[in-house]
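# Observations on chain architecture
What follows is each chain in one-letter form.
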Amino acid sequence: MTAQVQPIGIAGAGAWGTALANAAAAAGRDVVLWMRSPEQAATLAATRANERCLPGVRLHERIRPTAELAALASTRAVLLVTPAQTTRDMSTALASVLPVAAPLVLCAKGIERGTNAFLCDVVEEVRPGAPVAVLSGPSFAHDVARGLPTAVTLASRDAALAEALANALSGPTLRVYHRDDVRGVEIGGAAKNVLAIACGAVAGRGLGESAKAALIARGFAELLRFARAYGAKPETLMGLSGLGDLVLTCSTAQSRNFAFGQRLGRGLSVEEAAGGKLVEGAATAGALVALARAKGVDMPIAEAVENILNGAWNLKEAVDALMNRPIKPEH
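Parameters and conventions
Residues numbered from 1 in each chain as written. Predicted model: local features only at pLDDT ≥ 70, side-chain atom pairs only at ≥ 80, totals over all residues. Heavy atoms only, no water. UniProt positions renumbered as here; feature names shortened; annotations may be inferred. Helix = DSSP H or I, 4+ residues; strand = E, 2+ residues; numbered from the N terminus. Rg over C-alpha atoms; globule rule 2.2 N^0.38 Å. Buried < 20%, exposed > 50% of the residue type's maximum accessible area, 1.4 Å probe, protein only. Contact = heavy atoms within 4.5 Å. Areas by Shrake-Rupley, 256 points an atom, 1.4 Å probe, with all protein chains shown as cover. Lys, Arg positive; Asp, Glu negative; His and termini not counted. Charge placed at Lys NZ, Arg CZ, Asp CG, Glu CD. Axes fitted to C-alpha atoms, helices over the stretch in contact; angles between N-to-C directions. Parallel < 35°, antiparallel > 145°, perpendicular 65-115°, else oblique. Left-handed = near helix turned anticlockwise from the far one by under 90°. Salt bridge = Lys/Arg side-chain N within 4 Å of Asp/Glu carboxyl O. Pairing = 2+ DSSP bridges. Core = buried A, V, L, I, M, F, W, Y, C linked by side-chain atoms within 4.5 Å. Phe/Tyr/Trp six-rings, centres within 6.5 Å; stacked < 30°, edge-to-face > 60°. Polar contact = N/O pair within 3.5 Å; in protein donor to acceptor, adjacent residues only side chain to side chain.

Named according to an unreviewed UniProt entry, the protein chain is Glycerol-3-phosphate dehydrogenase [NAD(P)+] originating from Microvirga arsenatis. Under the Subcellular location (unreviewed entry) heading, UniProt states for the protein chain: "Cytoplasm". According to the UniProt record, the Sequence similarities (unreviewed entry) comment for the protein chain is "Belongs to the NAD-dependent glycerol-3-phosphate dehydrogenase family."

### Points about the overall build of the protein chain
When helices and strands are tallied, the protein chain shows 15 helices and ten strands. Against the 2.2 N^0.38 benchmark of 20 Å for 331 residues, the protein chain shows a C-alpha radius of gyration of 19 Å, consistent with a compact globule. Taking all 331 residues of the protein chain together, 53% fall into the buried category. The contacts in the protein chain between residues at least 6 apart in sequence include a share of 70% that link residues at least 24 apart. Counting every atom, the protein chain has about 13,900 Å² of accessible surface; 54% of that belongs to carbon and sulfur. Averaging the positions of the 33 positive and the 29 negative side-chain charges in the protein chain gives two centres separated by 3 Å.

### A few points about the packing of helix α7 (residues 182-205) against helix α8 (residues 209-229)
Running from amino to carboxyl end, α7 crosses α8 at an angle of 155°, the nearest separation of the two axes being 10 Å. Of the possible angle classes, the one that applies to α7 and α8 is roughly antiparallel. The element α7 and its partner α8 pack so that their crossing is right-handed. Seen from α7, the contacting residues are Ile187, Gly188, Ala191, Lys192, Leu195, Ala198, Cys199 and Val202; seen from α8, they are Ala211, Lys212, Leu215, Ile216, Gly219, Glu222, Leu223, Phe226 and Ala227.

### Side note on the pattern of salt bridges
Per the counting criterion, the structure on display carries 15 salt bridges. Among the salt bridges present, the one from Arg62 reaches Asp30, with a minimum N-O distance of 3.0 Å. Of this pair, Arg62 sits in the loop between α2 (38-47) and β3 (63-66) while Asp30 sits in the loop between α1 (15-26) and β2 (31-34); the two residues are 32 residues apart in sequence, bridging distant segments of the chain. Here Lys316 makes a salt bridge to Asp320, at a shortest N to O gap of 2.8 Å. Taken together, the positions of Lys316 and Asp320, both in helix α15 (residues 315-323) and four residues apart, correspond to about one turn of that helix.

### Thoughts on the UniProt feature "domain: Glycerol-3-phosphate dehydrogenase NAD-dependent C-terminal" (unreviewed entry) in the protein chain
UniProt annotation of "domain: Glycerol-3-phosphate dehydrogenase NAD-dependent C-terminal" (unreviewed entry) refers to residues 181-319 when read in the numbering used here. Secondary structure content for residues 181-319 is 75% helix and 0% strand, and the end C-alpha separation is 34 Å.

### Quick look at the sheet that holds β2
Spatially, eight strands are ordered β3-β2-β1-β4-β5-β8-β9-β10 in an open sheet, and the strand pairing comes out mixed. Edge positions in the sheet fall to β3 and β10 (174-179), since each has one partner strand and no second. On average, adjacent strands in this sheet sit at an angle of 25° to one another, irrespective of strand direction. The pairing of strand β8 (residues 132-136) with strand β9 (residues 150-156) spans four bridges and is classified as antiparallel. Across the sheet, the residue bridging to Val134 is Ala155, located in β9. The strands that helix α4 (residues 119-126) touches are β5 (104-106) and β8; relative to β8, the one it contacts most, it runs at about 155°.

### Concerning the nonpolar core
Within the largest apolar cluster, 47 residues are counted, with the highest numbers of intra-cluster contacts made by Phe226, Phe260 and Leu288. When sequence neighbours within four positions are dropped, the list of residues in contact with Phe226 reads Phe118, Ile187, Leu288, Leu291, Ala292, Val297 and Met299. Counting 41 residues, the second largest nonpolar core, distinct from the first, contains Leu59, Val105, Ala133 and Leu154.

### Observations regarding the packing of aromatic side chains
One pass over the full model with this rule turns up three aromatic pairs. Aromatic pair Phe118 and Phe226: ring centres 6.5 Å apart, planes at 70°, arrangement edge-to-face. One end of the pair, Phe118, is in strand β7 (residues 117-118); the other, Phe226, is in helix α8, with 108 residues separating them in the sequence. For Phe226, a relative accessible area of 1% translates into the label buried. Pairing Phe226 with Tyr230 gives two aromatic rings, centres 4.9 Å apart and planes at 35°, and the pair type is tilted. The buried category is assigned to Tyr230, whose relative accessible area is 18%. An aromatic cluster of three or more residues is present, and its members are Phe118, Phe226 and Tyr230.

### Structural notes on the side chain of Thr18
Looking at the secondary structure, you find Thr18 in helix α1. Among the residues examined, Thr18 registers a relative accessible area of 3% and is labelled buried. Engagement of the side chain of Thr18 in a polar contact is seen with the side chain of Asn50, the distance being 2.9 Å.

### A word on the UniProt feature "active site" (unreviewed entry) in the protein chain
Summarizing the sequence annotation, UniProt attributes the feature "active site" (unreviewed entry) to Lys192 in the numbering used throughout. Accessibility expressed as a relative area gives 5% for Lys192, which makes it buried. If sequence neighbours within four positions are ignored, Lys192 has contacts with Lys109, Leu223, Asp245, Leu246 and Thr249.

Here it is, written out as C-alpha cells:
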C-alpha cells in the first residue's frame, strides 16, 4: 500500500512545509510543493533554496515547486502545512481540486477560533467522506530540513491509511509512528502551544528552572484531563505527540510559542511580543479554555495564559493565582 502514496503534495511552503517536502523526497517520494506566489515558486524552482524560511537548506531534486493549486490534483495525499486558522479556507480550496479519495494530512497545531472546532472536524465538514489524518510530534523545521534524527506521530481513524502514510513519509532521518487516535494527536499538538507560552513567560520573568519544571508537569496533567474529556486515549498523550512535543516546545526559544511567552515575561505587550508573527498558541488559547469549560475540565494554567492574553491579568497576578490555589492531592 505504501507504493500507492506517490506522489505526495505539500500545501504551504513555509519552513515546516519545505522541511516536510525535503523529508518526503528523501524517503523516495516525488513531491509537489504548492505556494501562493508564482514569483516565489519560480525562484524556488530555479535556485532550489528557500532562503527566506530555511536559509542554507537545499531543496531536494524530487520536489517540484508550483503556484498552481490544480497541480496537487495528481498527488495521492496532501500535507496541509498552512496556519491552523486557515484550515477551513484551504480545505475548501483543496476540495475543488483533490479527488475525494485523496487524504488530507493536517500538519498545523491548533483549534479553530470562533467555532472552537478541532481541525479534523473542520476538514470533515468541508470534505465529507474524504479521509483525513493529522501529523504531530516534537519537531523543529530546521532539524528536519537538515536531516537531524526526528520522530513524529501520524494518526488517522483508518489504521491502514495511517500505516501507509507513515511508511510513505518515513525516511533516513524522519521516523513516523502511526496511531488511530486522531483526537489525541491533535489535542496534544494544540494544547502544548498554549502551555509553552506559560513556560516561556516563567523563563522570561526569571522565575527559575524549578518553576518551569513544575509548570510542564502540571500542564501535562491539564492536557491529560482535557484529552480524556474529549475521548482521546491517555496512552497517545504519553507519546511523541503529547508529552514529547510538550517537553520540546516548553524548553527552548526555538519554539515560537515559548519565545512569545518569554517576551511577555520580560514585560512586552502582547502585540510587541508577537512582533507581527503568527503565534499559534495565542490563537488557540481562548478556544482551548472554552472547550475545557464546556466539559467542566480544570485547566488553570491555560486559563492564566488566556487571562494574560486578553488583558485581564498581568503576569504577577497570574503567578499569584496559580500559587494560591487550594492545596490538594496531586492528580
